[in-house]
Amino acid sequence: MKRIHLITLFTALLTLSAFAGERPNLLFIMMDDLGYGHCQFNNDELTVEMFDPYFKELVAQKQDYTPEQALDFSKKAMPTLSRMAKDGVIFNRAHAPSSLCAPSRLAVATGRSLPEAGVYTNMDVESAGIQPGTHLAHQLQDAGYSTAHIGKWHVGQRDQQVIQDVLKKHGIEETIWWGQLGNKYPELWNEAWEAGYYGSVVPAQNPLNNGFDYYYGYNNWASQFYDSTLVWENFKHAGRQSGYNTEVFTDKAMDFMKQQAASKAPFYVQLHYHAVHDYLEPNAPKKYWKNFRSGSYPLSNFYAHINAVDQNVQRILDYLESTGQLENTLIAFTSDNGAMAGGPNVLPANAPFSGHKGMFNQGGTRVPLFFYWPKGIKAGRYLDHLASSMDILPTFIEAAGLKPPSDLEAKSVLPLINGTSNQPVHEKLTWAGIHARAWGFLINTSPLTKNEERNIAPGGWAVVKGDYVLRYTGTIEPGLYTDYPEGSAPQLQLFNVISDPAETQDLSAQLPELVETMKSEYLKQTPKFHPPVRWNKDRWKEIAGEAAK
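How each quantity is defined
- Residues numbered from 1 in each chain as written.
- Predicted model: local features only at pLDDT ≥ 70, side-chain atom pairs only at ≥ 80, totals over all residues.
- Heavy atoms only, no water.
- Helix = DSSP H or I, 4+ residues; strand = E, 2+ residues; numbered from the N terminus.
- Rg over C-alpha atoms; globule rule 2.2 N^0.38 Å.
- Buried < 20%, exposed > 50% of the residue type's maximum accessible area, 1.4 Å probe, protein only.
- Contact = heavy atoms within 4.5 Å.
- Areas by Shrake-Rupley, 256 points an atom, 1.4 Å probe, with all protein chains shown as cover.
- Lys, Arg positive; Asp, Glu negative; His and termini not counted.
- Charge placed at Lys NZ, Arg CZ, Asp CG, Glu CD.
- Salt bridge = Lys/Arg side-chain N within 4 Å of Asp/Glu carboxyl O.
- Pairing = 2+ DSSP bridges.
- Axes fitted to C-alpha atoms, helices over the stretch in contact; angles between N-to-C directions.
- Disulfide = S-S within 2.5 Å.

Some details on the overall build of the chain
- Counting its secondary structure elements, the chain contains 18 helices and 14 strands.
- A globule of 549 residues ought to have a C-alpha radius of gyration of about 24 Å, and the chain, at 23 Å, matches this closely.
- Projected onto the principal axes, the alpha-carbon positions of the chain cover approximately 65 × 65 × 55 Å.
- Relative to its full complement of 549 residues, the chain shows a buried share of 61%.
- Contacts spanning at least 24 positions in sequence make up 73% of the contacts within the chain whose residues lie at least 6 apart.
- In the structure as shown, the chain presents an accessible area of about 20,900 Å², 51% of it carried by carbon and sulfur atoms.
- Of the charged side chains in the chain, 48 are positive and 57 negative; the average position of the first set lies 4 Å away from that of the second.

This is the structure in structure tokens:
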């Protein structure tokens, strides 16, 4: 018998009786590092003049495509997803709960505040991982949904036992960590890699112990597109993956859906694609390139990978429609954070917003978000309400006829998407953590390497409320950035993100009362902040309120 985590068995049985035959199938599609401006359904009014000027300058210097070509490709790369979005409900002001992938995915999974869990960076998640019993998928599983996670997991610790098993096989009875293995036993490093260590997850944090009946994926920030050794199936290493992973992940999702159709059970599938996380090599299969021929390999390849996701989503829709399930399948689509924006991650990236992944500028947290459900929502609408990708699972839970936990930071947006209410579900959204330039084009403003920069990058926090964002940047050390050669003391900046989405005009001196109000609202939360699992404690002290009071 499955463990009951968030509802009692009695309640689950009542739910099964009340909603049998009515409950929707649920499909949660997430892409990796996809920018707001990359998405056709977001960029109808976007022009090249709205692209980040520094990013455009770098492209002109180092790349062989034009902003106009990039905008043109973005407008035809996702016909299926754009049609779904425009036949569904699009949230124009949607944000990820973090500007980095692992924290964002953890918050989406649990619906809870990251600072209250001591999570501010990827390393915090990778070192601690999800707390068993907190994934909201448990509630769907306990209510009779057949559940699957396919693709990127990245909310758990890697399984050290994989290394120990390799050592034991060679008669070595000592504990050696991954960072030591290559130096002490270089001949065994490749063997541990081939055994799947780098995509592994400890059993307690495996999806099968966190609300899912089936798992096919990897617990890492990225995976090879072909011949990956990072993928695991349930509790076993899947060996060397054959095929292009966008197609393989889609195949696995469809196989699971077909099994549930035979059993008559509704499904919840998390399909979290690898695309378009760097480094996007080798290239997408040729069949996805036909509409994206250019003289620029990075430009053509990037949009071919996006088109591959789009066309594979079409495969899923075709199957659901052919089996009569599409009308009552609720689908959500988003990205885990803003685009990396640079190198293989091309224009328009996060336009019209400034910044990128790893930063608390709007470009780091603004994400595409839409819901599609032919039977269940009032379609064809754009909503300007604040929303978070954290809201996806509570919305699914409510759509399944259940009640989401009341103590979540995440909220159900079901009343908004089905048209029964127009009341905002979030008065404000907040973020706190590392505020680094390592994950995008702004690394070019540092003389340091990506790893060096993010190791000493400042902390930051931000509050979005109404038309405004208040952003705090912690102490910048001398020599870190060329635009702050002598470093900088902590600073607060206020921007109107409606009239100034690129955050070019600091209004803090003009609106001091609003600054104090928004700052006070942030500081009210900081007593609940836990120290970071791994991140720099001094950086944390600044954003936990000590330096901002």
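A short note on the pattern of salt bridges
- As enumerated under the stated definition, the model contains 18 salt bridges in all.
- In this structure, Lys184 and Glu174 form a salt bridge, with 2.9 Å as the shortest nitrogen-oxygen distance. One end of the pair, Lys184, is in helix 9 (residues 178–184); the other, Glu174, is in the loop between helix 8 (160–169) and helix 9, and ten residues separate them in sequence.
- What makes Lys184 partly exposed here is its relative accessible area of 48%.

Overview of the sheet that holds strand 7 (residues 267–272)
- The ten strands lie next to each other as 6-5-4-3-7-1-8-9-2-10, forming an open sheet whose pairing is mixed. Since the sheet does not close on itself, it has two edges, and those belong to strand 6 (236–237) and strand 10 (381–388), each with one partner.
- Inspection of the sheet shows strand 5 (residues 232–233) paired to strand 6 by two bridges, in the antiparallel sense. The residue of strand 6 that forms the bridge with Trp232 is His237.
- Packing against the sheet, helix 4 (residues 79–86) makes contact with strand 2 (89–95), strand 8 (329–335), strand 9 (369–372) and strand 10, and its axis sits at approximately 75° to strand 9.

Overview of the state of the cysteines
- What the rule picks out here adds up to zero disulfides.
- No disulfide involves Cys39; its sulfur sits 17 Å from that of Cys101, the nearest cysteine.
- Its relative accessible area of 0% is what places Cys39 among the buried residues.

Some remarks on the sheet that holds strand 12 (residues 459–465)
- Reading across the sheet, the four strands line up as 11-12-13-14 and stay open at both edges, with antiparallel pairing between neighbours. The outermost strands of the open sheet, each flanked by one partner alone, are strand 11 (428–434) and strand 14 (491–496). Taking each pair of neighbouring strands and ignoring which way they run, the sheet shows an average axis angle of 10°.
- Looking at chain direction, strand 11 and strand 12 are connected through seven bridges and run antiparallel. Considered in strand 12, the bridge of Trp431 is made with Ala462.

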